[in-house]
Protein chains: 2
Amino acid sequence: MPFVRPNIAAMHGYTPGEQPRGMEYVKLNTNENPYQCSPAVKAAIGRVCQAGLQRYPDPAATQFRERAAELLEAEIPGITPDWILCGNGSDDILTIVTRTFVESGDVIRFARPSYLLYDTLASIQGAQTDVVNYERDWTLGSRFTELRGRLSLAFLANPNSPSGTAIPPAEVARIAAALPCPLLVDEAYADFAETNCLHLVAENDRVMVARSLSKSYALAGLRFGFLVAQPHVIFELAKVKDSYNCDSLSIAGATAAIDDRAWFKRTRGAILATRGKLTAELRERGFECIDSQANFVWCRHSKQSAHALYQRLKDDGVLVRYMKYEGWGEGLRISVGTDEQLGTLLAKLSAIL
Amino acid sequence: MPFVRPNIAAMHGYTPGEQPRGMEYVKLNTNENPYQCSPAVKAAIGRVCQAGLQRYPDPAATQFRERAAELLEAEIPGITPDWILCGNGSDDILTIVTRTFVESGDVIRFARPSYLLYDTLASIQGAQTDVVNYERDWTLGSRFTELRGRLSLAFLANPNSPSGTAIPPAEVARIAAALPCPLLVDEAYADFAETNCLHLVAENDRVMVARSLSKSYALAGLRFGFLVAQPHVIFELAKVKDSYNCDSLSIAGATAAIDDRAWFKRTRGAILATRGKLTAELRERGFECIDSQANFVWCRHSKQSAHALYQRLKDDGVLVRYMKYEGWGEGLRISVGTDEQLGTLLAKLSAIL
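Here the structure is a predicted model, which is why all the values come from computation and not from measurement.

A. Structural view of the overall build of chain A. The helix and strand tally for chain A stands at 12 helices and 12 strands. Since a compact globule built from 353 residues should have a radius of gyration of about 20 Å, the 20 Å found for chain A is in line with a globular shape. Principal axes of the C-alpha set define a box for chain A whose edges measure 55 × 50 × 50 Å. Once local pairs closer than 6 in sequence are excluded, the contacts in chain A between residues at least 24 apart make up 71%.

The structure is reproduced here in structure tokens:
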């Protein structure tokens, strides 16, 4: 197709983690929550669905933003709904941010290994990438804040995937202050961490924090994420979003989800408990793994190749994510499932190792 | 915010039609279907919701594309699912097409008066617009196919909004062949028309046809649209779409929707019947209005200003869409509601006129 932009023609699309249809796997490869969402979410979706879907949704998702602002008041005193922009998943938020700040030919900076979508977003926008490798202890060196080229946006997944590590908020504040461009802190996994960077948004208008309901609220299938930024930043970003990017069912479901604090506390607690067991059991079996701040664990075995292990587990009906980063190495990212799924994984691993 | 791209900072966001919350209007301003969607859609959504939303949706929306390909076989013999790309509403499709073909600084051509979003999409992409006015008889002159500037994409809403007129497929074929760039035929309203351009996709790989489930399937609140294009074109566009742009509920609901042919036939019939009455009654009351191929009617009154009428109707609880196009003029676009809503509208109009 000769009319396609060269950057699009040259790129490979983003490849999401395997989503097998049909066969039943113990699925620990895409960081989905192993539990069902709050019953209140299903009830809210049911009500909206029964009332009819013939009307357009609220383009501003007012209902969600009002409730979210109340909940975030503890972290950002004085926050109002105009600090919040809703997206069709946090991937939509990342797209909107990219299109708002990045001209074709500009540079987007991000760390490696990290979320692979940042590279895809740069390709689509016709931007260059400036990839800064994590240090071996998963900190970021001074290269991450240097002024080089037409740098117009930096992404920082925090907690990071696949490592599950988090850079402390004070260090993120220092990075944001030193960077000559806006910083998108991608907190898709922050609900599983001990800290987050929300309060930095109030201190520095170049800091934006993206959140997802996919993992911590068990709503990957619903597509809902949001961004927290200062109102004058949200004002610009809102011009770029599709007017009706969030549907009526997801707005109602997402609002019910953040409203059910008891469900959130209980589910988060269960996942953190299983994460602890997973980490300990992997280490006992000869895996090197880092303490995780997310709902997955990144590991490498001292004797077995990561790819062979991935394939053996897959053959045995257990899907984990094999990842290989050029110039960095490979490993397995294993999502935290239920205790029962953990039992299956460990039994299979014992048989393989 | 100094870091925002100049094209974004300079633009006004797209303003969707009024979506009043709280007060109950007879709402005839955004071309929503006045009927509830098929019960099969609600049942399908209910099933997926009850099964749980913790897993990511199928990025390829396979289920919908398989069923859609079967249904479109009558119009495009031999069509397979890889001729179809699903979107989070057809606005998402228009965005994907723009990002695939249009470089910053390129030119997008479209007619006026037409769908206002085309201009917004150009602004976001940093593109120039080349706007060609419709002739007074709602045909397009030769200026629409001229090679001028860095033309990289043309949009054609067919049937057009706000006029409700359609350019015959043979003429669209001629336009597509003469244009030096791809042509997106936006068929958001084609389900209400006598003809459509689907068959042109097979004849010319530069023709793409976008469809929406918002109007003809009463699913504006669900956000689902799709594009039909040749597989090598879909392949490029798929790189640009968000992997998980369609959620699990909308994929299931949209599939059930296109599957219920009896509902579609019945609802379409009702809307076309009311459209006929609306047109005749408006003409009797001194309105000049064009025969519509869509689910709305474009009209102007011989004596009353369109804006005054819009305001009086709004005060009386009836919302219609007032539109004014620079260098073209103004008018009212009235969506086809139920016969009961039509009765209310006509009673109010009789009182006003």
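B. Geometry of the sheet that holds strand S11 (residues 318–325) of chain B. Residues and elements named next belong to chain B. Within the open sheet, the five strands sit side by side as S1-S11-S12-S10-S9. Their pairing is mixed. Taken across any chain shown, the strands that pair with only one partner, and hence form the sheet edges, are strand S1 (26–28) and strand S9 (287–289). Strand-to-strand, the axes of this sheet are offset by a mean angle of 35°, without reference to chain direction. Pairing between S9 and strand S10 (residues 296–301): three bridges, direction antiparallel. When the sheet's bridge partners are listed, Phe287 is paired in S10 with His301. Helix H11 (residues 306–315) rests against S10, S11 and strand S12 (329–335) of the sheet, and its axis sits at about 160° to S11. Packing of helix H12 (residues 339–352) onto the sheet brings it into contact with S1 and S11, and relative to S1 it is tilted by some 95°.

C. Looking closely at the domain arrangement of chain A. All names here are of chain A. By the assigned domains, chain A splits into domain 1 (6–36 + 262–352) and domain 2 (39–260). Relative to domain 2, the C-alpha centre of domain 1 lies at a distance of 23 Å. In this assembly, 29 residues from domain 1 lie in contact with 27 residues from domain 2. Secondary-structure elements contributing two or more residues to the side of domain 1 that touches domain 2 are helix H1 (6–10), helix H10 (261–284), strand S10 (296–301), strand S11 (318–325) and strand S12 (329–335). In terms of residue count, H10 provides more of the side of domain 1 that touches domain 2 than any other element does, seven residues in total. Grouping the constituent residues of the side of domain 1 that touches domain 2 by class yields 17 nonpolar, nine polar and three charged.

D. Quick look at the pairing of strand S7 (residues 207–212) of chain A. All names here are of chain A. Where burial is concerned, most of S7 is hidden: six out of the six residues are buried. Of the two faces of S7, the one carrying Val207, Val209 and Arg211 and the one carrying Met208, Ala210 and Ser212 are both buried. One ladder, built from four bridges, connects strand S6 (residues 183–186) with S7; its direction is parallel. Across the sheet, the residue bridging to Val185 is Val209, located in S7. Crossover S6 to S7 through helix H7 (residues 198–203) is right-handed. As paired strands, S7 and strand S8 (residues 225–228) are joined by four bridges and run antiparallel to one another.

E. Looking closely at the relation of the copies chain B and chain A. Overlay of chain B on chain A (RMSD 0.0 Å): rotation 180°, translation along the axis 0.0 Å. Here the symmetry operator amounts to a two-fold rotation axis. A share of 100% of the interface residues of chain B reappears at the interface of chain A, consistent with the copies meeting face to face through the same patch.

F. Molecular detail of the nonpolar core. Ranked by size, the top nonpolar core spans 164 residues in total, and within it A:Met208, A:Leu219, A:Val228, B:Met208 and B:Leu219 carry the most contacts. If we skip the residues at most four places from it in the chain, A:Leu219 touches A:Cys37, A:Leu213, A:Ser214, A:Phe224, A:Gly253, A:Ala257 and B:Leu53.

G. Quick look at the interface of chain B and chain A. With 66 residues of chain B at the interface, the matching set in chain A holds 66 residues. Across the side of chain B that touches chain A, the residue classes break down as 29 nonpolar, 21 polar and 16 charged.

H. Quick look at the sheet that holds strand S7 (residues 207–212) of chain B. All names here are of chain B. What the seven strands build is an open sheet, ordered S2-S8-S7-S6-S5-S3-S4; its pairing is mixed. Only two strands of the sheet have a single partner each, and these edge strands are strand S2 (84–87) and strand S4 (128–133). Strand after strand, the sheet turns through a mean of 20° between neighbouring axes, direction not considered. Here strand S3 (residues 107–112) runs beside strand S5 (residues 151–157); their pairing, made up of three bridges, is parallel. Counted as the bridge partner of Val107 is Leu151 from S5. Here helix H3 (residues 62–72) sits on the sheet and contacts S2 and strand S8 (225–228); the angle it forms with S2, its principal contact strand, is near 125°.

Here is what the cut-offs are and how they apply
Residues numbered from 1 in each chain as written. Chains lettered and ligands numbered in written order. Predicted model: local features only at pLDDT ≥ 70, side-chain atom pairs only at ≥ 80, totals over all residues. Helix = DSSP H or I, 4+ residues; strand = E, 2+ residues; numbered from the N terminus. Rg over C-alpha atoms; globule rule 2.2 N^0.38 Å. Contact = placed C-beta atoms within 7 Å. Pairing = 2+ DSSP bridges. Axes fitted to C-alpha atoms, helices over the stretch in contact; angles between N-to-C directions. Domains from an automatic or database assignment. Nonpolar A, V, L, I, M, F, W, Y, C, P; charged D, E, K, R; others polar. Buried ≥ 20, exposed ≤ 12 C-beta atoms within 10 Å, placed from the backbone. Right-handed = clockwise from strand over helix to strand, strands pointing away. Least-squares fit on C-alpha atoms with pLDDT ≥ 70 in both. Core = buried A, V, L, I, M, F, W, Y, C linked by C-beta atoms within 7 Å.

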